[in-house]
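Residue-level structure breakdown
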Amino acid sequence: MRSAVRRTVIVVEREAGSAFVGGWQIDQATSVPVGVVPYVKSREDVSVVLRSPELLLQGQPIEFSGYSLYRALRTAEALDSRMADRPGGIRFSDLVASHPVLVSFPPDLTWLAHPDAVTKFGEGLKRVLPDSEMKSTPSDAEKITRNVQEQLLAHPQSYSFWKIATRKDPETHIPLSRYLIEYTLTVASRAKARILAGMVPVIDVRTPNSVWLTHKFNLAFADVVADRVDEGIRAPVYLYTLPINPGVFEADTPSEILSVVERNAQAALRSGLFEGIWVAIRGLPSISLSPGRVNSVMGFLRRLSEVAKANSAALWWSRPGVMGLAGLDVGCAVTSFSFNLRVDDVYLGGRMGRDRSHSFGKVLNPVSRDYWEYRQLLRSLEAPEPGLPALGTCRTVPDVLELQSPQHYRIQFSKPYNVAAMNWLCSEWKSHVRQGETSPGREYLQTFSAPTNQWGLR
Amino acid sequence: MGVDPLDEISVADILGEKDSGPQPDARGVRSLILSIVRQNPDGVTAQMVSSSAGISLTWAKQVLDDLLHQREVYSRVVPGVRARLYYPNGKLVHKFLQDSKEFGDQIFRVSVHEGRRTPRVQIQERKFSLLEGEKVEGSIFIDIDNVEGLLSFTKEVLERLNQIKTTQELEHT
């Protein structure tokens, strides 16, 4: 394995057990604070941060789904001119200058290959490839995109797509996998991303060798990034990317596949080619129903965080939502949460059910420790102290227009409140760690509504 | 037990690196072509680049045009040679001698290249748009001996601008 000198370092201010507060120094002038970060998936999420940047903490990073980035940036561009004149609003370029961006590629898109999601991914791929280092012509980009889409749709929930993607094209001698690597790097540069997690195959228990395929894709990404740096080209720092299917986590059973993952991660970090580890675990809603499987996830994260810490590198857990507090307890440096606080797959496909109230989304009440549906919020408006608890950075009750329009409700009320609630919880978590508490996240989660309470201390 | 086909996939397969004949390596087509031109200070034709990189002539010409626009290379028609020749616009002195800084909407990349007589500083102006990413607007080369002089000259002109502003303000009052 090639080796390199790492560009980033974890700085620990205070440690309590495995938990720590501090920063991840990603360059001389930028330190990412340890804690929770918002995850931008949709155009709506981009609107929320551009309209209300005050919700974000100083230097707090943002994680973007790379697959949706092209569409999200189109929205950002449309909003940019309006944001310059809007009190409190911010332009996208100013946002990313003050909040380091991580671009990642959620594994469910290539694994499940829902047609809607594959179509939207293709729109971005086709437009980005001509600007990539591969400099594809528009007609070649069109052909490559069609090929990627056809192969994804033809082979869901298998590794056939990846096998085909690594075969050289008989004419150009370039495999699709190479175009996909360049696509991810170009997407990251569009978002001015400072940190990147790659587009790599998900690890599945039924195919133990998938661990090695994921490892090799990671090495390929790291190789390309290291070459860019060697040539003096700006490139994001690359994280050893670990997307994992839920079947890997059996109840209270040490899994052989996870031991291999840990050993590979150890070797990868020692090479200096990777600045940390990015992990995404699919199926958290089903895992949460089993205390034994939760134990397996927590044990795995703890061991992975030890690997990261031993190398002064960061462990980034993608999209566990409020359960991320338990991840921080066991040594994750960063955990992200989606604006609607969902923890299931990002690209589920399908449409919203018939019940209109569901389209308003849920709001996290961090004090009563549960999620409020729209109807519950309406009921609370009649109480002596109406609405949600005051957190200082956002409103506690929606206005009349927001109560009538699901979109307004989500953009201007529920999503901003969720960001504020997660940041409030993280700030509480940090102050407990500073006081020497080793598991403040799990202590909080043990009294949360079920099944999230499975992530608490038992 | 047979070998799982997943086992047979190598990092080189993923990257499409060469096992026979030239193809783009880990650097990508743009960087590969730039390095081919840089390795040939006496000039290369698009045809030579195309066969050396293992890509089509149209593709090679398109990338060379891009590099021309970015002033990474320059081209000219040499008497006696029917095709246009492409030359490197300087080789980086060291990989750390290239950095970019943003000033609002303008991004400047400053790099130091080897020159015939002395090293030369290249200042490249770039613009960033959300949908197109970073695009090169243009660039200038300054011999290293002239950098200080150019900075003083720029300051001189700025001082003149300030004087004009002051005079105009006095006239208005």
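The following refers to the structure shown. Every chain begins its residue count from 1, and numbering advances along the sequence as written. Here the convention is simple: chains get letters from A, ligands get numbers from 1, in the order in which they are written. Thresholds applied to this predicted model are a pLDDT of at least 70 for local features of residues and 80 or more for the giving and counting of side-chain atom pairs; totals over whole chains, interfaces and linings are not thresholded and use all residues. Heavy atoms from the whole structure form the basis of all side-chain values; hydrogens and water molecules are not counted.

Let's talk about the interface of chain B and chain A
By definition in these notes, contact holds between two residues if any of their heavy atoms fall within 4.5 Å. Chain B puts 42 residues into the contact, and the matching count from chain A is 49 residues. In total, chain B and chain A occlude about 4,000 Å² of area from one another, counting both sides; carbon and sulfur atoms represent 54% of this. Once two parts are brought into contact, the accessible area they lose, counted with a 1.4 Å probe and summed over both, makes up the buried area. When residues of chain B are sorted by the area they lose upon contact with chain A, I14(B), L130(B) and L131(B) head the list and together hold 20% of the total. Salt bridges are counted wherever a side-chain nitrogen of Lys or Arg sits within 4 Å of a carboxyl oxygen of Asp or Glu. Summed over the shared surface of chain B and chain A, the number is three salt bridges. Side-chain atoms alone can form a polar contact between residues adjacent in sequence; in general such a contact is a pair of N or O atoms within 3.5 Å, and within protein one must be able to donate a hydrogen while the other accepts it. If you look at where chain B meets chain A, you find 14 residue pairs in polar contact (both at pLDDT 80 or more).

Digging into empty space enclosed by the protein
Residue and element names in this part refer to chain A. Using only the protein atoms, space was sampled on a 1 Å grid; points where a 1.4 Å probe fits but cannot get out form cavities, open sets with protein on both sides within 12 Å along at least five of seven lines form pockets, and lining residues are those with an atom within 4 Å of a point. Grid points are joined across faces, edges and corners, and a volume is the space filled by probe spheres set on the points. Tallied over the entire structure, the rule returns three cavities of 30 Å³ or more. Of the voids in this model, the largest cavity is the one considered here, and its volume is about 130 Å³. P107, A280, S318, R319 and V346 are the residues nearest the centre of the largest cavity, which is lined by 16 residues in total. Here the element with the most residues in the lining of the largest cavity is strand β9 (residues 276-281); it accounts for three residues. By the convention adopted, Pro, Cys, Tyr, Trp, Phe, Met, Ile, Leu, Val and Ala count as nonpolar, Lys, Arg, Asp and Glu as charged, and the other residues, Gly among them, as polar. Class assignment of the residues belonging to the lining of the largest cavity gives a composition of nine nonpolar, two polar and five charged. By volume, the second largest cavity is sized at about 50 Å³. What lines the second largest cavity is P33, V34, G35, V36, V37, L57, Q60, P61, N423, C426 and K430. For the lining of the second largest cavity, the secondary-structure elements that each account for two or more residues are β4 (35-40) and α16 (406-434). Segments assigned H or I by DSSP are reported as helices when at least four residues long, segments assigned E as strands when at least two residues long, and all are numbered from the N terminus.

Things to note about the pattern of salt bridges
By the definition in use, this model includes 30 salt bridges over all chains. A salt bridge links D66(B) to K135(A); the nearest nitrogen and oxygen atoms lie 3.1 Å apart. You can see D66(B) sitting in helix α5 (residues 57-69) and its partner K135(A) sitting in the loop between α5 (115-128) and α6 (138-154), one on each of two chains. A salt bridge links K192(A) to E102(B), with the nearest nitrogen and oxygen atoms 2.9 Å apart.

Describing the pairing of β9(A)
Residues and elements named next belong to chain A. Per-residue accessibility, obtained with a 1.4 Å probe over protein chains only, is compared with the maximum for each type, and a residue is labelled buried under 20%, exposed over 50%, and partly exposed between these values. Along β9, six of the six residues are buried, which leaves the element largely enclosed by surrounding structure. Along β9, one buried face is formed by G276, W278 and A280 and the opposite face, lined by I277, V279 and I281, is buried too. Strand pairing follows a simple DSSP-based rule, namely that at least 2 bridges must link the two strands. Note: strand β8 (residues 237-244) against β9, five bridges, orientation parallel. Paired with I244 across the bridge in β9 is I281. Bridge count for β9 against strand β10 (residues 314-317) is four bridges, and the pairing is parallel. Looking across to β10, one finds that W278 is bridged to W316.

Remarks on a nonpolar patch on the surface
Residues form patches when they are more than 30% accessible in relative terms and have no salt bridge. Like charges link within 9 Å. Nonpolar side chains (Val, Leu, Ile, Met, Phe, Trp, Tyr) link within 5 Å. Every accessible area reported is derived by Shrake-Rupley at a probe size of 1.4 Å, with residue values counting cover from the shown protein chains alone. Side chains of I140(B), L150(B), F153(B) and V157(B) sit close together on the surface and give an oily, nonpolar patch of about 330 Å² of accessible area. With respect to the helices and strands, I140(B) occurs in strand β6 (residues 133-143).

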